[in-house]
Amino acid sequence: MSRKNRNIYLGKRVKDTGRKGLDNLREVEDICKAILSDYQRGKISYAKAMRRLVFLRTTVIKRSEKLVGKKPKAYAIVSKYEEKLRRLKK
């Protein structure tokens, strides 16, 4: 896969607002929307979309020092999109 075709979200398809990096809940939601959109358009498989959401929840948000105090809400946003993805698969 060429570098040009890779799906990169924050800073490429999702506008990086505020400070550099993942630092607010709007960015979390926009990344989730972009992942769901890629699945719906057939750019990525169900499994890959779910892996990206799980990675976002378990690694990116967990390690983000900028989301201190907002992590429970960020986890809830990702969980909401995981559920939407599950419903779309059926």
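Residues numbered from 1 in each chain as written. Predicted model: local features only at pLDDT ≥ 70, side-chain atom pairs only at ≥ 80, totals over all residues. Heavy atoms only, no water.

(A) Just the overall build of the chain, in detail. What the chain contains, in helices and strands, is three helices and zero strands. Across the chain, helices and strands are ordered from the amino to the carboxyl terminus as α-α-α. The burial tally for the chain puts 33% of its 90 residues in the buried class. Within the structure as shown, the chain displays about 6100 Å² of accessible surface, and the carbon and sulfur contribution to it stands at 51%. (Helix = DSSP H or I, 4+ residues; strand = E, 2+ residues; numbered from the N terminus. Buried < 20%, exposed > 50% of the residue type's maximum accessible area, 1.4 Å probe, protein only. Areas by Shrake-Rupley, 256 points an atom, 1.4 Å probe, with all protein chains shown as cover.)

(B) Inspection of helix 1 (residues 25-40) at higher detail. The first and last C-alpha atoms of helix 1 sit 23 Å apart over 16 residues, in line with the 22 Å expected at 1.5 Å per residue. Elements that come into contact with the buried residues of helix 1 comprise helix 2 (46-63) and helix 3 (71-89). Between the side-chain oxygen at the start of helix 1 and the backbone nitrogen of Arg 26 there is a gap of 3.2 Å, and the oxygen is on Asn 24. Downstream of helix 1 by a residue or two, Gly 42 has a phi angle that is positive, lying close to 80°. (Expected span 1.5 Å × (residues − 1). Contact = heavy atoms within 4.5 Å. Polar contact = N/O pair within 3.5 Å; in protein donor to acceptor, adjacent residues only side chain to side chain.)

(C) How the structure looks around the pattern of salt bridges. All chains considered together, the criterion is met by five salt bridges. For Glu 83, the salt bridge goes to Arg 86, with nearest N and O atoms at 3.5 Å. Pair noted here: Glu 83 and Arg 86 are both in helix 3, with a separation of three residues, about one helical turn. On the basis of relative accessibility, which here comes to 36%, the residue Glu 83 falls in the partly exposed class. (Salt bridge = Lys/Arg side-chain N within 4 Å of Asp/Glu carboxyl O.)

(D) Examining helix 3 more closely. Counted at 1.5 Å a residue, the expected span for helix 3 with its 19 residues is 27 Å, and the 27 Å between its end C-alpha atoms agrees. Those residues of helix 3 lying buried are Lys 71, Ala 74, Ile 77, Val 78, Tyr 81, Glu 82 and Leu 85. Down the axis of helix 3, the buried side of the element spans an arc of 140°, and every buried residue falls inside it. Residues Pro 72, Lys 73 and Arg 87 are exposed on helix 3 and point more than 90 degrees away from its buried face. As for helix 3, its buried residues are in contact with helix 1 and helix 2. (Arc of directions from axis to C-beta.)

(E) The arrangement of the side chain of Ser 64 in detail. For Ser 64, the location among the structural elements is in the loop between helix 2 and helix 3. The class for Ser 64 is buried, based on a relative accessible area of 9%. Polar side-chain contacts of Ser 64 include one of 3.4 Å to the backbone nitrogen of Leu 67. Residue contacts for Ser 64: discarding those within four places in its chain leaves Leu 22 and Lys 71.

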